[in-house]
Amino acid sequence: MKRLPVNSDKREKNNSPFAVLTPDMVLSSVEKAMGMYVSNLCRPMNSYINRVFELADEDGEGLIAKFYRPGRWTRQALQDEHDYLLELVGAEVPVIAPLPLADGTTLGRVGKVYFSVFPKKWGRIVDEYTDEQWLELGRLLGRVHAVGAGGTAQDRLTMIPEKSTRSHIHFLLEHGKIPQELRGSFQELTTAIIEQSSPLFADMELIRLHGDCHNANLIYRPDESFYIIDFDDMVMGPPVQDFWMLLPGPPEESLVEIDLFLEGYRTFRDFDLRSLRLIEPLRAMRFIHYMAWCAHQVLEDGASLVMPDFGTREYWQREIDDLGDQVQRLGKQPESYFPMG
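Values in this document were obtained by computation on a predicted structure and should not be read as measured data.

Chemist: Help me understand unusual backbone geometry, please; the structure alone is not making it clear to me.
Modeler: Most of the time, phi is negative for any residue but glycine, and the peptide bond is trans. Its identity as a non-glycine residue notwithstanding, E92 has a phi of 60°, on the positive side. Structurally, E92 can be placed in the loop between α2 (75–90) and β4 (108–110). Overall, the relative accessible area of 67% leaves E92 in the exposed class. A positive phi angle is found at K177, which is not glycine, with a value near 55°. Its location among the elements puts K177 in the loop between α4 (161–175) and α5 (180–197).

If you want it as structure tokens, here you go:
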């Protein structure tokens, strides 16, 4: 099929790991991997870490091509994500799994960049959930975790303070451009977070998780209900990680929503109430994870699109103030949020 020239206003810098991804290269790579023709549509979509393009086959059916940032994941880590998604589809859990390529795999490659192709599915984001939707989300995550508990992902992060968080802190001290006069405060607060949080993770169940389950990663499709999307940040971790970001406020102000969620969740698997005490540690860990994520952007792309002032004194003072507030919250947690009996 003769390819018409494709224009794109989104250009990569020459030193970008994605510089090879011209529209023609995207289309021809997907065609070769899929063993089929696609139309001339190649529309860049928003993505801070990867590069994502909307395509369409010859019949106009929508496709999403995701090109993964080199160096962020190993091939096996990407395969861990795909294997989990395919297991979920096999269990009839509403997720969007990668399509099989012509060689029977789900991972293609162009240069140093791995990619996969997904069917396009529309849906809307729900800002506030009804009581019935909290029950529904509990059932959905219960099913996701029932499958997740049946396997492992050795090439993915393990979300505990002594592993994932300590590695983020080390990276930030090396590459975060923390002003010298603030490094002491940063180290003191992050050490306190690890010391206060680590004992709470002892003996907690660690399973395959979505890892970044907030409302923007749940789309509602009328007559089909919720789909959970974008497993890029899949991790091994405690199940509570996959629902605390959905709560409308801190746990002590969200007891009704937690109760409804767990009622639905327990339809498919048990839930350890002790793990509710991990919410505030996980919030602190996410703060640090986000800082490291921005630092990776600056190191690889020269700037952070989501945090333009990253590395300035003003940026680090804000972050240190937030870490200080979170350390105080960790010290004020109740022994439990619900009766344990």
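Now that the structure has been shown, we can carry on.
Chemist: Before we go on, may I ask you to explain the pairing of strand β5 (residues 113–119) in this structure?
Modeler: Each regular strand displays side chains that alternate between the two surfaces of the sheet. Along β5, 6 of the 7 residues are buried, which leaves the element largely enclosed by surrounding structure. Sheet analysis places β4 next to β5, joined by 3 bridges and oriented antiparallel. For G108, the partnering residue across the bridge sits in β5 and is F115. What sits between β4 and β5 in their antiparallel hairpin is a turn of 2 residues, with G111 showing a positive phi close to 60°.

Chemist: Even after reading the chapter, I still don't get the pattern of salt bridges, so can you show me in this structure?
Modeler: Opposite charge on two side chains permits them to pair, given that their charged atoms come into close proximity. Overall, the coordinates contain 21 salt bridges when judged by the stated rule. With a shortest N-O distance of 3.6 Å, D230 and K66 are connected by a salt bridge. Separated by 164 residues along the polypeptide, D230 in the loop between β8 (225–228) and β9 (235–237) and K66 in strand β3 (residues 62–67) bring together distant segments of the chain. Note on K66: relative accessible area 11%, which makes it buried. Notably, a salt bridge pairs R283 with E280, separated by 2.9 Å at the nearest N-O pair. In this pair, R283 and E280 both sit in helix α7 (residues 279–301), 3 residues apart, roughly one turn of the helix. Grouping residues by exposure puts R283 and E280 together as buried. Look at the salt bridges and you will find they share partners, linking E252, E280, R283 and R329 into a network.

Chemist: Before we go on, may I ask you to explain helix α3 (residues 131–148) in this structure?
Modeler: Given 3.6 residues per turn, any residue in an α-helix points the same way as the ones three and four places further on. Helix length check: α3, at 18 residues, gives a terminal C-alpha distance of 26 Å against a target of 26 Å (1.5 Å per residue), a fit within 8%. Inspection of α3 places Q133, W134, L135, L137, G138, L140, L141, G142, V144, H145, V147 and G148 among the buried residues, and these make up the whole buried set. Buried residues belonging to α3 abut α2, β6 (207–209), β7 (218–221), β8 and α6 (255–265).

Chemist: Sorry, what's going on with the packing of α2 against α3 here?
Modeler: If you want to describe how two helices pack, look at the angle between their axes and the distance between the axes. Running from N to C, α2 and α3 cross one another at 120°; their axes reach a closest spacing of 10 Å. It follows that α2 is oblique to α3 by the angle criterion. Crossing handedness for the pair α2 and α3: right-handed. Judged by residue contacts, Y84, E87 and L88 of α2 engage R143, V144, H145, V147 and G148 from α3.

Chemist: Just to check I follow, could you spell out α4 for this structure?
Modeler: Between its first and last C-alpha atoms α4 spans 20 Å; for 15 residues at 1.5 Å apiece the expected length is 21 Å, and the two agree. Residues of α4 that are buried: P161, S164, T165, H168, I169, F171, L172 and L173. On its buried side, α4 packs onto α5, α7 and α8 (313–331).

Chemist: Just to check I follow, could you spell out the sheet that holds strand β1 (residues 43–45) for this structure?
Modeler: Whether parallel or antiparallel, the strands of a sheet pair through hydrogen bonds between backbone atoms. The 5 strands are arranged β1-β2-β3-β5-β4 in an open sheet whose pairing can be described as antiparallel. Each having just a single partner strand, β1 and β4 make up the two edges of the open sheet. The mean inter-strand angle of the sheet, taken between neighbouring strand axes irrespective of direction, is 35°. As paired strands, β1 and strand β2 (residues 51–56) are joined by 3 bridges and run antiparallel to one another. Within β2, the residue paired with M45 across the bridge is V52. Along the sheet face, helix α1 (residues 23–34) touches β2, β3, β4 and β5 and points at about 70° away from the line of β5.

Chemist: Even after reading the chapter, I still don't get the packing of α4 against α7, so can you show me in this structure?
Modeler: Direction vectors running N to C along α4 and α7 enclose 40°, while the axes themselves pass 9 Å from each other. By the angle between their axes, α4 is oblique relative to α7. Crossing geometry of α4 relative to α7 is assigned as left-handed. In this structure, α4 contributes P161, S164, T165, H168, I169, F171, L172 and H175 to the contact, and α7 contributes M285, I288, H289, M291, A292, A295, H296 and L299. Of the residues contributing to the contact of α4 with α7, the split by class is 10 nonpolar, 6 polar and no charged.

Chemist: It is not clear to me how the packing of aromatic side chains should be interpreted in this structure. Could you clarify?
Modeler: Taken as a whole and assessed by the stated rule, the structure comprises 17 aromatic pairs. Seen in terms of ring centroids, Y129 and W134 are 5.2 Å apart; in terms of plane orientation they differ by 80°. Their pairing is edge-to-face. Taking relative accessible area as the criterion, Y129 reaches 13% and is therefore assigned buried. Residues F310 and Y315 carry aromatic rings whose centres are separated by 4.9 Å and whose planes lie at 55° to one another, so their mutual orientation is tilted. Y315 matches F310 in its accessibility class, with the two residues each being buried. Linked through ring pairs, Y129, W134, Y220 and F226 together constitute an aromatic cluster. Against the face of F268 rests R143, its NZ or CZ located 6.0 Å from the ring centre. Note that R221 overlies the ring of Y227, its terminal NZ or CZ placed 5.6 Å from the centroid.

How each quantity is defined
Residues numbered from 1 in each chain as written. Predicted model: local features only at pLDDT ≥ 70, side-chain atom pairs only at ≥ 80, totals over all residues. Heavy atoms only, no water. Helix = DSSP H or I, 4+ residues; strand = E, 2+ residues; numbered from the N terminus. Buried < 20%, exposed > 50% of the residue type's maximum accessible area, 1.4 Å probe, protein only. Pairing = 2+ DSSP bridges. Salt bridge = Lys/Arg side-chain N within 4 Å of Asp/Glu carboxyl O. Expected span 1.5 Å × (residues − 1). Contact = heavy atoms within 4.5 Å. Axes fitted to C-alpha atoms, helices over the stretch in contact; angles between N-to-C directions. Parallel < 35°, antiparallel > 145°, perpendicular 65-115°, else oblique. Left-handed = near helix turned anticlockwise from the far one by under 90°. Nonpolar A, V, L, I, M, F, W, Y, C, P; charged D, E, K, R; others polar. Phe/Tyr/Trp six-rings, centres within 6.5 Å; stacked < 30°, edge-to-face > 60°. Lys NZ or Arg CZ within 6 Å of the ring centre and 35° of its normal.

Nothing here speaks to function; it is geometry throughout.
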